[in-house]
Amino acid sequence: MKINILNKGYIALAILLVAGTIYKIIAYKTWARYDYYSAICTPQSYPIYLQACYFITADADDLAWINDEKVNDFRSEWGDEGFPEARDPLRLPEKLVLKYAAYSEQKFYSDTLSLPVDVIQKVFKEAAKKNQLDELFKSGQNVKGLKFLVGVVPDGQVVVWLRGRFLEQVILKAKIAPKEPRSDEMYFEKPLSKSAYLNTVFEGLSDSLKTKIKSGWDQHANYLDTPTHYIDQNKDGWKSIH
Amino acid sequence: MEENEVQSNKQKNSNLSVALIFANLILAVLFFSATGVEKSEETVIYLATGFLVLQGGYAFTYHGKGYRVGKWLFAIALVIALSFYGLMWYATQLGKAFAH
């Protein structure tokens, strides 16, 4: 049979599509992607206003968002991870971008912290083997994965946990130095002075909390070394499922 | 004898074309679903357009009595696609009108 020009075209297209699919899978690195959820928390006595809070992964297209809803509403509690949900599988986080203003100290902090990628990968692999992956909500069907929780306490101290079933491991402890904000970093609808900016972004903070913080509430608490009781609080739920 | 050979070659090519149209369609679906981060509406438009082009290639290559069904299918697909695009265009314009 002599193949006509139309079929040659169709065959060429098929080859292109196969090559394109293979390229896409390799570029996406399906095997290096994990389901995970991330959130940030602060003690109730340390409300912060987040200017930036996200992970950077090896893929610039990854949307490695961190759930900051409770922190933004000033109702976060120490160790509170919120509602764990997952979207598309992501590459593991390599850097944590944090930029925030603290109410009680009236200071600004900003830094990009490097995360121990090898440790994170090891924890993920071992958790999968030991059945320590936790259920994450996903529209369609729930998935199993781990949860990153970023904790921010006074004096620029930051801790990052990796959590699963019967698993809570500190993967990073770091300290960020306070920084005077540039004028373009204090923009809220219009350029503001430092005190005006802080007043504006903390407008939603309740007066009772403001008074409590002013009177020195929790001033000497050491949250960084306070247990979160995460495993204690959840173990009954885990046991009832498995 | 030679006429028969030409006809049989045409028939074989036509069968191969039909098979390749469906093979390409399946490969295109695989290509678009490979990573699961595509926008679904756009994907449907690409697939529909691709299918239309493939069918058009068939309709304009094979002529004669036995191959008319290809032309009919292409015409029907073309009408469906055009009305679909028209509807999409209308919906977008309508959306723009409500944006303000």
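Structural data are supplied above this passage.
Residues numbered from 1 in each chain as written. Chains lettered and ligands numbered in written order. Predicted model: local features only at pLDDT ≥ 70, side-chain atom pairs only at ≥ 80, totals over all residues.

### Description of the overall build of chain A
Move 1: Secondary structure summary: chain A contains six helices and 10 strands in total.
Move 2: The C-alpha radius of gyration computed for chain A amounts to 23 Å, which surpasses the reference 18 Å derived for 242 residues by more than 25%, pointing to a less compact arrangement than a globule.
Move 3: Along the first, second and third principal axes, the C-alpha set of chain A runs to 90 × 50 × 30 Å.
Move 4: Classification of the 242 residues of chain A by burial places 31% in the buried group. (Helix = DSSP H or I, 4+ residues; strand = E, 2+ residues; numbered from the N terminus. Rg over C-alpha atoms; globule rule 2.2 N^0.38 Å. Buried ≥ 20, exposed ≤ 12 C-beta atoms within 10 Å, placed from the backbone.)

### As for helix α4 (residues 194-201) of chain A
All names here are of chain A.
Move 1: Inspection of α4 places Y197, L198 and V201 among the buried residues, and these make up the whole buried set. Seen along its axis, α4 keeps its buried residues to an arc of 95°; they face one direction. Away from the buried face of α4 by more than 90 degrees, exposed residues S195 and N199 are located.
Move 2: Of the surrounding elements, those touching the buried residues of α4 are β2 (48-57), β3 (93-102) and β9 (187-188). (Arc of directions from axis to C-beta. Contact = placed C-beta atoms within 7 Å.)

### Points about the sheet that holds β3(A)
All names here are of chain A.
Move 1: Taken in spatial order, the three strands of this open sheet run β2-β3-β4, and their pairing is antiparallel. Bordering the open sheet on either side are β2 and β4 (107-114), each of which pairs with just one other strand. Taken over all neighbouring pairs, the strand axes of this sheet differ in orientation by 5° on average, direction set aside.
Move 2: Sheet topology note: the β2/β3 ladder contains nine bridges and is antiparallel. The partner of A52 across the bridge, within β3, is K99. (Pairing = 2+ DSSP bridges. Axes fitted to C-alpha atoms, helices over the stretch in contact; angles between N-to-C directions.)

### Concerning the nonpolar core
Move 1: Core analysis: the biggest nonpolar cluster contains 46 residues, and A:I40, A:I48, A:Y100, A:A101 and A:V150 have the highest contact counts within it.
Move 2: Among the secondary structure elements, those contributing two or more residues to this core are β1 (36-41), β2, β3, β4, α3 (117-129), β6 (143-153), β7 (157-164) and α4 of chain A.
Move 3: Looking at this core element by element, the count peaks at six residues for β6(A).
Move 4: Discounting chain neighbours no more than four positions away, the residues touching A:I48 are A:T42, A:V71, A:Y100, A:A101, A:A102, A:Y103 and A:V152.
Move 5: Ranked by size, the runner-up nonpolar core spans eight residues in total, among them A:L6, A:Y10, B:A28 and B:F32. (Core = buried A, V, L, I, M, F, W, Y, C linked by C-beta atoms within 7 Å.)

### Here's the deal with the interface of chain B and chain A
Move 1: Between chain B and chain A, the residue contacts involve 19 residues of the former and 19 residues of the latter.
Move 2: Secondary-structure elements contributing two or more residues to the side of chain B that touches chain A are α1 (2-33) and α2 (40-61) of chain B.
Move 3: Among the elements that make up the side of chain B that touches chain A, the one with the highest residue count is α1(B) (13 residues).
Move 4: A per-class count over the side of chain B that touches chain A returns 10 nonpolar, eight polar and one charged. (Nonpolar A, V, L, I, M, F, W, Y, C, P; charged D, E, K, R; others polar.)

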